[in-house]
Amino acid sequence: MSVHSDDKDGQGMIVNPKPSDNNQADWDGDEADRADRLRFEEEQAMIREQSEARAAAKAAAEQAEKSAAQPDKGAV
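Figured I'd write up the structure that's included with this text. In this text the structure is predicted, and so the values were computed from the model without any measurement.

1. Re the overall build of the chain
Counting its regular elements, the chain contains two helices and zero strands. Scored against the burial criterion, the 76 residues of the chain give a buried share of 5%.

What follows is the structure, given as structure tokens:
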């Protein structure tokens, strides 16, 4: 499996992909397989949440920086 050059955060490698027509039988396996899929989906959700949190924190920091750079017009 290769990592693409546009994978900046190292999260681009898919360890357990979603089923397709040619591997559906593998996904219809036993409880261990289902547990693996659930764990994979939970990990992906956690990665998305962390990414969104980083983006929100970055936006907040940029907004705070922008606000700090502008003088307060209400001050005398």
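2. Some words on the pattern of salt bridges
For the structure shown, the criterion picks out one salt bridge. Here R39 ties to D36 by a salt bridge, and the two come within 2.5 Å at their closest N and O atoms. Of this pair, R39 and D36 both sit in helix α2 (residues 31-69), three residues apart, which is roughly one turn of that helix. On the basis of relative accessibility, which here comes to 35%, the residue D36 falls in the partly exposed class.

What counts and what doesn't
- All residue numbers here refer to positions counted from 1 along the written sequence of the relevant chain.
- Local features in a predicted model are, by the rule used here, given only for residues with pLDDT of at least 70; side-chain atom pairs are given and counted only at 80 or more, and totals for whole chains, interfaces and linings are based on all residues.
- Side-chain calculation: all heavy atoms of the structure are included, whereas hydrogens and water are not.
- Secondary structure follows DSSP: runs of H or I at least 4 residues long count as helices, runs of E at least 2 residues long count as strands, and numbering of each begins at the N terminus.
- The cut-offs for exposure are 20% and 50% of the maximum accessible area for each residue type, with area from a 1.4 Å probe on protein chains only; residues under the lower value are buried, those over the upper are exposed, and the others partly exposed.
- One side-chain nitrogen of Lys or Arg within 4 Å of one carboxyl oxygen of Asp or Glu is enough to make a salt bridge.

By themselves these figures say nothing about function.
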